[in-house]
Amino acid sequence: MAAAVARRGRLGREGRASLCSFLLGASVAALPLLLGSSPSLLAAPGLRGRLALVLHVAGVNAALLLIYPRPLYKIAVRACFLGFAFGCGLLLSAGRSAWRHFGWYMCSLSLFHYSEYLVTAINNPRSLSLDSFLLNHSFEYNLAALSSWVEFTLEKLFFPELKQITWLSTVGLLMVIFGDCLRKAAMLTAGSNFNHIVQNEKSDTHTLVTSGVYGWFRHPSYVGWFYWSIGTQVLLCNPICVVGYALASWRFFRERIEEEEITLIHFFGEEYLEYKRKVPSGLPFIKGVKLEL
């Protein structure tokens, strides 16, 4: 991703502010080096560790307030929060505590949301907004995340051995990496044609992208998100949420794909219908809209 930024040279002021802030937040991972303590600082922080975390958060937030005017501060504080979560995930992942796999999850979740913003800043800066972080995607999305945290915590309390199946968490991590990489590859391939919101009007620069990962699937960004979301729950060894996420995600993307394909057929006509006949949607048992000209 860094190579893409350098090559295209399109990272504007908002993107640069977000990247610096994300890295600043992630610098929490360096606290053990500064304190001369164990890398698994968050597993058993102690008074010194807690104080260091509080001072880090306060110091970073003060720096952001001094550096950025209010419009950029809103971007910076969100990116910094995600960076802080990523850094804390690294700290949890570094040790052998029972929270190690949750650390993997924190890294995966925070990096997913931050990279959504960063890739949008690279590809389609005109559509860039605070919503590009997808932190307020929907009530249902936030409820699903909360449900997974509750399930993990309760099962960790009552069935701790369930959360120590490393091979299963590793499978989940691989699903997460695959899904996120596929989604970001789709965003980068589509370029300015990609938007987080389904477009109802065709712009002058809107073209039908059929190359790269779009030659594998018609909706690679949805395929990536689908397997990323399920992978997060496999990673956490959350059996209830694995089923719930799979069903909810499948239903959401089935409806989203049908809605989007109506628009694409309106935009591109027979060109899209031919593409639809040749290339699968990429999601199981989802054929897309049943509509002919």
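Everything below is about the structure shown above.
Let me sum up the structure you'll find in this document. Numbering of residues starts from 1 in every chain and runs along the sequence as written. Local features in a predicted model are, by the rule used here, given only for residues with pLDDT of at least 70; side-chain atom pairs are given and counted only at 80 or more, and totals for whole chains, interfaces and linings are based on all residues. Side-chain measures here rest on the full set of heavy atoms in the structure, leaving out hydrogens and waters.

Digging into the overall build of the protein chain
Move 1: When you go through the protein chain residue by residue, the secondary structure sums to 11 helices and 0 strands.
Move 2: Strands are runs of DSSP state E lasting at least two residues, helices are runs of H or I lasting at least four, and both sets are numbered from the N terminus onward. Each helix (α) and strand (β) of the protein chain, taken in turn from the N terminus, gives the series α-α-α-α-α-α-α-α-α-α-α.
Move 3: Dimensions along the principal axes, computed over C-alpha positions, put the protein chain at roughly 70 × 45 × 30 Å.
Move 4: Type-normalised accessible area, obtained with a 1.4 Å probe on protein chains alone, sets the label of each residue: buried when under 20%, exposed when over 50%, and partly exposed for intermediate values. The 293 residues of the protein chain split such that 47% are buried.
Move 5: Residue exposure ignores everything except the shown protein chains as possible cover, and the areas themselves are Shrake-Rupley values with a 1.4 Å probe. Counting only carbon and sulfur atoms, one obtains 66% of the accessible surface of the protein chain, whose full area is about 15,100 Å².

Structural notes on the packing of aromatic side chains
Where two aromatic rings form a pair, the distance of their centres and the angle of their planes describe that pair.
Move 1: Here a Phe, Tyr or Trp ring, Trp counted by its six-membered ring, pairs with any other such ring whose centre lies within 6.5 Å, and the pair is stacked when the planes are under 30 degrees apart, edge-to-face when over 60, and tilted otherwise. Summed over the entire model, instances satisfying the criterion amount to 16 aromatic pairs.
Move 2: Pairing Phe112 with Trp228 gives two aromatic rings, centres 4.0 Å apart and planes at 20°, and the pair type is stacked. You can see Phe112 sitting in helix H6 (residues 100–123) and its partner Trp228 sitting in helix H9 (residues 220–235), a full 116 residues away along the chain.
Move 3: Residue classification places Phe112 among the buried residues on the basis of a relative accessible area of 0%.

Here's the deal with helix H2 (residues 13–26)
Move 1: Take the residue count of a helix, subtract one, and multiply by 1.5 Å to get its expected span. Between its first and last C-alpha, H2 extends 20 Å over 14 residues, near the 20 Å set by a 1.5 Å rise per residue.
Move 2: Residues of H2 that are buried include every one of Gly15, Ala17, Ser18, Ser21, Phe22, Gly25 and Ala26, and no others. All buried residues of H2 fall inside an arc of 160° around its axis, so they share one side. Exposed side of H2, more than 90 degrees from the buried face: Arg13 and Leu23 are the residues found there. Arc definition: directions from the helix axis to the C-beta atoms.

Quick word on the nonpolar core
Move 1: What we call a nonpolar core is a set of buried Ala, Val, Leu, Ile, Met, Phe, Trp, Tyr and Cys residues that are connected through their side-chain atoms within 4.5 Å. The biggest cluster of nonpolar side chains holds 50 residues, and the ones touching the most others in it are Phe102, Tyr214, Trp225, Trp228, Tyr272 and Leu283.
Move 2: Setting aside anything within four residues of it in sequence, one finds Trp228 in contact with Ser108, Leu109, Phe112, Tyr141, Met175, Val176, Gly179 and Asp180. Note on contacts: a residue pair is in contact if any heavy atoms of the two residues lie within 4.5 Å.

So, the environment of Leu157
Move 1: Residue position: Leu157 is located in helix H7 (residues 139–158).
Move 2: What makes Leu157 exposed here is its relative accessible area of 62%.
Move 3: In the structure, Leu157 is positioned 20 residues away from His137 in sequence and 30 Å away in space, judged by C-alpha atoms.

Side note on the pattern of salt bridges
Move 1: For this document, the term salt bridge refers to a Lys or Arg side-chain nitrogen within 4 Å of an Asp or Glu carboxyl oxygen. In this structure the tally under the stated criterion is 9 salt bridges.
Move 2: Here Lys184 and Glu116 are joined by a salt bridge, their closest N and O atoms 2.9 Å apart. Within this pair, whereas Lys184 is found in helix H8 (residues 166–190), its partner Glu116 is found in helix H6, the two being separated by 68 residues in sequence.
Move 3: Given the relative accessible area of 0%, Glu116 is considered buried.
Move 4: Linking Glu274 and Lys278 is a salt bridge whose minimum nitrogen-to-oxygen distance equals 3.5 Å. With Glu274 and Lys278 both in helix H11 (residues 270–278), this residue pair falls 4 residues apart, about one helical turn.
Move 5: Among the charged side chains, a network of salt bridges with common partners joins Glu116, Asp180, Arg183 and Lys184.

A look at a nonpolar patch on the surface
Move 1: On the surface, Phe139, Leu143, Leu146, Trp149, Val150, Leu154, Leu157, Phe158 and Phe159 cluster together into a nonpolar patch covering about 970 Å² of accessible area.
Move 2: Tracing the chain through its elements places Phe139 in helix H7.
Move 3: The class of Phe139 is exposed, set by a relative accessible area of 62%. Nonpolar side chains (Val, Leu, Ile, Met, Phe, Trp, Tyr) within 5 Å and like charges within 9 Å form the patches, drawn only from residues with over 30% relative accessible area and no salt bridge.

Digging into H9
Move 1: For H9, which comprises 16 residues, the first-to-last C-alpha distance of 22 Å matches the rise-based estimate of 22 Å (1.5 Å per residue) to within 8%.
Move 2: Here H9 lies mainly inside the structure; 15 of its 16 residues are buried.
Move 3: Phi turns positive, to about 55°, at Cys237, one or two residues after H9.

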